[in-house]
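Chains, contacts and geometry: an overview
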Amino acid sequence: MCRPTTRNTTMLMQKNQVFQHAEMTEETIHAGQSLSALFLTSATELVPAGRAVCWEGDEAKHLFQLVEGVIRLYRIVGDGRRVITAFQFAGDLIGASLQGDFLFTAEAVTECKIRRVSRKSFDDEVARSDALHTAYIFLLCRETAAAQEQMVLLSKKNAEERLCSFIAKLASRRNLQARQSVLRVPMSRQDIADHLGLTIETVSRTLTKLASRNVVIPEGRHDLRIVNLACLTQLSGDADDFSEESCHRVSLH
């Protein structure tokens with residue numbers, strides 16, 4: 001049975017505190033559009049699936065805007081394992097942090113289209129415009145909030161909650177709201193496992209459990225039918241309103 005917890009309320013309060021100085025006012029929205037406009041004069045580059053846009057440790061001479069497709073950001077830890085820290089989608093900027101070197105490798109999951117600008121050009125334009133500076137600060141705040149959410153997911157959530165959080169977030173990003181909707185998941189199960197700190201076997205087993213409860217049903221290699229989006233959200237551990245009638249806890253043990 002799913003019940004509300006104080007942890008959910010605390011997490012929401014923390015998220016509000018992160019953004020209390022970076023609210024999406026109309027001015028900031030226009031500024032964000034202007035930030036993207038810095039890339040419009042750059043030529044579009046085609047990146048085949050599996051090819052890297054930049055490598056961990058390389059000097060960050062450029063920033064990239066993803067025009068089309070999906071990119072994974074990953075690092076290699078000491079024993080050679082891959083840790084995917086984030087997935088990037090159309091409209092996202094890659095390399096916006098203030099580091100001199102890239103902290104990750106950015107690799108195309110699907111065939112992608114990107115644009116690039118030099119870091120010097122980007123920094124000069126942001127420095128000259130208060131509106132662009134505001135948009136840039138907001139972008140960094142969003143990246144910080146996303147990093148905090150990922151830390152909570154990896155440190156406090158179980159396998160079921162991690163996978164449900166990932167699917168629910170992807171569905172939200174794709175504006176998937178209708179019941180019985182099919183969600184395209186371009187990344188592989190190994191990608192998902194490396195992002196959630198799980199094994200591929202655990203990802204597959206959890207999907208089977210969710211399908212048995214008629215919450216999410218896999219269709220082929222890259223499609224998920226979302227049967228009960230409300231229950232999926234509740235099982236992620238992030239929902240505030242839990243209902244015994246709408247959700248039955250899926251146990252992996």
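Values in this document were obtained by computation on a predicted structure and should not be read as measured data.

1. Here we look at the side chain of Glu-107
With respect to the helices, strands and loops of the structure, Glu-107 is situated in strand β7 (residues 105–108). Look at Glu-107 and you get buried, because its relative accessible area is 12%. A distance of 2.9 Å separates the side chain of Glu-107 from the side chain of Arg-72, its partner in a polar contact. Excluding residues that lie within four positions of it along the chain, Glu-107 makes contacts with Gly-50, Arg-51, Ala-52, Val-70, Ile-71, Arg-72 and Tyr-74.

2. Examining the sheet that holds strand β10 (residues 216–219)
Ordered by their spatial adjacency, three strands build an open sheet running β9-β11-β10, and the pairing between neighbours is antiparallel. The outermost strands of the open sheet, each flanked by one partner alone, are β9 (181–184) and β10. Strand-to-strand twist in this sheet, taken as the mean axis angle between neighbours without regard to direction, amounts to 30 degrees. The pairing of β9 with strand β11 (residues 223–226) spans four bridges and is antiparallel. Of the residues in β11, the one forming a bridge with Val-182 is Arg-225.

3. Quick look at the pairing of strand β4 (residues 71–76)
Across six bridges, the pairing between β4 and strand β5 (residues 82–88) is antiparallel. Counted as the bridge partner of Arg-75 is Val-83 from β5. Hairpin remark: β4 followed by β5, antiparallel, with five residues in the connecting loop; positive phi at Gly-80, about 90 degrees. Taken together, the four bridges between β4 and β7 define a ladder with antiparallel strand orientation. By the bridge assignment for β7, Tyr-74 is matched with Thr-105.

Thresholds applied
Residues numbered from 1 in each chain as written. Predicted model: local features only at pLDDT ≥ 70, side-chain atom pairs only at ≥ 80, totals over all residues. Heavy atoms only, no water. Helix = DSSP H or I, 4+ residues; strand = E, 2+ residues; numbered from the N terminus. Buried < 20%, exposed > 50% of the residue type's maximum accessible area, 1.4 Å probe, protein only. Polar contact = N/O pair within 3.5 Å; in protein donor to acceptor, adjacent residues only side chain to side chain. Contact = heavy atoms within 4.5 Å. Pairing = 2+ DSSP bridges. Axes fitted to C-alpha atoms, helices over the stretch in contact; angles between N-to-C directions.

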